[in-house]
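# Commentary on secondary and tertiary structure
Here's the letter readout for the chains.
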Amino acid sequence: MEQITGIHHVTAIAGDPQKNLDFYSGILGLRLVKLTVNYDDPGTYHIYYGDYSGNPGTILTFFPWKGMPRGRAGAGQATATSFSVPAGSLGHWTSRLRDNGIEPISTLNRFEEDAIGFQDYDGMAIELVAAKLPDLRPGWPGGPVPDELAIRGFHSATLATGRFEDSSKLLTGTMGFRKTAQDGNRHRFETASGGAHSIVDLMEAEAPHGRQGAGSVHHIAWRVATDEGQKDWREKLVSQGLGVSPVMDRKYFHSIYYREPSGILFEIATDPPGFLVDEPLELLGQKLVLPPWLEPSRKELVGILPRLELPELQHASLYS
């Protein structure tokens, strides 16, 4: 059985797309690796951020709906998304965030790792973790954040569950995770070889059920290497009584979806084909990319979509 190797991507809901872009690319220094549309609602963007190459394990995506009311964090939700940063960089990050008006910033120490926590413009909880094991993934060379500070990719995600025993049983009994630590009502699980991007923290939640909206995570995707491995996982999940979607072609990866016991939407996504199927590496994120079936409607969609200005470079061809 092919292993789930960690987080593939996290998809969240945002409000104003320009503010979202300013925050994640301009302040956090993530590369815009794909600007496309929500295939189910083409009048809305689907924005993908990641490392320079758009590798799985670094991809944070957003559906931005301008005017979307804020969500409410609670049980049945991913309540924090954590990125890995180099050791010794948190002081610089705190200064960078404050210089850009991001407050408050909390100081954390969790499982012998230092971190800081804050919120984006929609109230989504973000953490930067100085992982105790060196994270050798590269940053974005030439990006807006110096390489010695730059985000390397995901560290972990925090999930709040009102059905802890059932949720943990799915992770360990079915999905191949192992419990590695506990601190109060926070339980840490890791998969594959462990370390950054293989970690999920389950929180035993007594709070009311969360509500989706701007600033909330829509789903979390776990990564597998091949389509064949995904097929095996689908068969296994179905055999255990879970309602699993058919395989869906998301152009840059293939996906199946199901809900864990507390209601959090899980996805298993394939590593291939990746973000280079329709753009060369050096030009990722420099134009609005549409799937073939929407290309005839480009002019109409460009007239509907809010215009975006990219913070790091001038891109005259963005909407061509």
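Described below are features of the structure shown in this document.

Rules and cut-offs
Starting from 1, residues in each chain are numbered consecutively following that chain's sequence as written. Where totals are concerned, whole chains, interfaces and linings use all residues; where local detail is concerned, this predicted model gives features only for residues with pLDDT of at least 70, and gives and counts side-chain atom pairs only at 80 or more. The basis for the side-chain values is all heavy atoms of the structure; hydrogens and waters are excluded. Labels follow the DSSP assignment, with helices taken as runs of H or I lasting at least four residues and strands as runs of E lasting at least two, numbered in each case from the N terminus. Based on C-alpha atoms, the radius of gyration is set beside the globule rule, defined as 2.2 Å times the residue count to the power 0.38. The rule is simple: take the accessible area with a 1.4 Å probe, protein chains only, and divide by the maximum for that residue type; under 20% is buried, over 50% is exposed, in between is partly exposed. The criterion used for residue contact is that any of the two residues' heavy atoms lie within 4.5 Å. For the accessible areas, the method is Shrake-Rupley and the probe is 1.4 Å, while residue cover comes only from the protein chains on display. Neither His nor the chain ends is counted toward charge; the positive residues are Lys and Arg and the negative residues Asp and Glu. Taken as the charge centre is NZ of Lys, CZ of Arg, CG of Asp or CD of Glu, depending on the residue. Strands pair, by our definition, only if DSSP identifies at least two bridges between them. Fitting a line to C-alpha atoms yields each axis, with helices limited to the stretch in contact; the angle taken between N-to-C directions then spans 0 to 180 degrees. As used here, the term nonpolar core means buried Ala, Val, Leu, Ile, Met, Phe, Trp, Tyr and Cys residues forming a set that is joined through side-chain atoms within 4.5 Å. We call two N or O atoms a polar contact when they sit within 3.5 Å, provided that within protein one can donate a hydrogen and the other can accept it, with sequence-adjacent residues counted only if both atoms are side-chain atoms. Two rings belonging to Phe, Tyr or Trp (six-membered ring only in the last case) form a pair when the distance between their centres is within 6.5 Å. Interplanar angles under 30 degrees mark stacking, angles over 60 mark edge-to-face geometry, and anything in between is tilted.

## A word on the overall build of the protein
Within the protein, the secondary structure is distributed over five helices and 16 strands. Taking 2.2 N^0.38 as the reference for a compact globule, 320 residues should give roughly 20 Å; the C-alpha atoms of the protein span a radius of gyration of 19 Å, in line with that estimate. Scored against the burial criterion, the 320 residues of the protein give a buried share of 57%. The contacts in the protein between residues at least 6 apart in sequence include a share of 66% that link residues at least 24 apart. Just so you have it, the protein exposes about 13,500 Å², and 52% of that area is on carbon and sulfur atoms. Averaging the coordinates of the 30 positive side-chain charges in the protein and doing the same for the 39 negative ones gives two points 3 Å apart.

## Focus: the sheet that holds strand β3 (residues 41-50)
On the basis of which strands lie adjacent, the open sheet formed by eight strands has the order β2-β3-β4-β1-β13-β16-β15-β14 and mixed pairing. Looking at strand neighbours, the two that pair on one side only are β2 (31-38) and β14 (248-249), the edges of this open sheet. One ladder, built from seven bridges, connects β2 with β3; its direction is antiparallel. The partner of Leu32 across the bridge, within β3, is Tyr49. With respect to the sheet, helix α4 (residues 227-239) is in contact with β13 (217-224), β15 (253-259) and β16 (265-273), its orientation differing from that of β15 by roughly 15°.

## Some thoughts on unusual backbone geometry
Residue Pro104 is reached from Glu103 by a cis peptide bond, and omega for that bond is -5°. Within the element layout of this structure, Pro104 appears in the loop between α2 (90-99) and β6 (106-110). Between Pro272 and the following residue, Pro273, the backbone shows a cis peptide bond with an omega angle of 5°. By the secondary structure assignment, Pro273 is in strand β16. Phi angles above zero are rare outside glycine, and Glu112 is one such case at about 65°.

## Let's talk about the sheet that holds strand β9 (residues 153-161)
Pairing within the open sheet is mixed, and its eight strands lie in the order β6-β7-β8-β5-β9-β12-β11-β10. The two strands at the open ends of the sheet, each matched to only one other strand, are β6 and β10 (178-183). Averaged over all adjacent pairs, the angle separating strand axes in this sheet is 25°, with direction ignored. Here helix α3 (residues 164-174) sits on the sheet and contacts β9, β10, β11 (186-190) and β12 (199-204); the angle it forms with β12, its principal contact strand, is near 165°.

## Considering the nonpolar core
Of all hydrophobic cores here, the largest spans 81 residues; its most connected members are Tyr24, Leu28, Phe118, Trp222 and Phe266. Considering each element in turn, this core owes the most residues, five residues, to β13. With residues near it in sequence (within four places) discarded, Trp222 still touches Ile4, Gly6, Ile7, His8, Met175, Phe177, Val200, Tyr258, Phe266, Glu267, Ile268 and Ala269.

## Regarding the environment of Gln286
With respect to the helices, strands and loops of the structure, Gln286 is situated in the loop between β16 and α5 (298-304). Gln286 gets classed as partly exposed once you look at its relative accessible area, which sits at 22%. Linking Gln286 and Gly101, residues 185 residues apart in sequence, is a C-alpha distance of 27 Å. For Gln286, the side chain forms a polar contact with the main-chain oxygen of Glu282, separated by 3.2 Å.

## Details of the environment of Leu171
Mapped onto the secondary structure, Leu171 falls in helix α3. Its relative accessible area of 1% is what places Leu171 among the buried residues. Taking the C-alpha atoms as reference, Leu171 lies 9.9 Å from Leu202; in sequence the two are 31 residues apart. Beyond its immediate stretch of four places on either side in the chain, Leu171 contacts Gly176, Phe177, Phe189, Val200, Leu202 and Phe266.

## Thoughts on the packing of aromatic side chains
Aromatic ring pairs are defined here through the distance separating the ring centres and the angle between the ring planes. All chains considered together, the criterion is met by 15 aromatic pairs. Here the aromatic rings of Phe23 and Tyr24 are separated by 4.8 Å at their centres, their planes lie at 75°, and the arrangement is edge-to-face. Taking the relative accessible area as the measure of exposure, Phe23 reaches 0% and is therefore buried. The structure contains a cluster of three or more aromatic residues connected by ring pairs, namely Phe23, Tyr24, Tyr49, Phe62, Phe118 and Tyr121.

## Focus: the side chain of His9
Counting through the fold element by element, His9 comes out in strand β1 (residues 7-14). Side chain to side chain, His9 and His219 meet in a polar contact 3.4 Å long. For His9, the residues in contact, after removing those within four places along its chain, are Ile59, Thr61, Phe154, His219, Ile220, Ala221, Phe253, Glu267 and Ala269.

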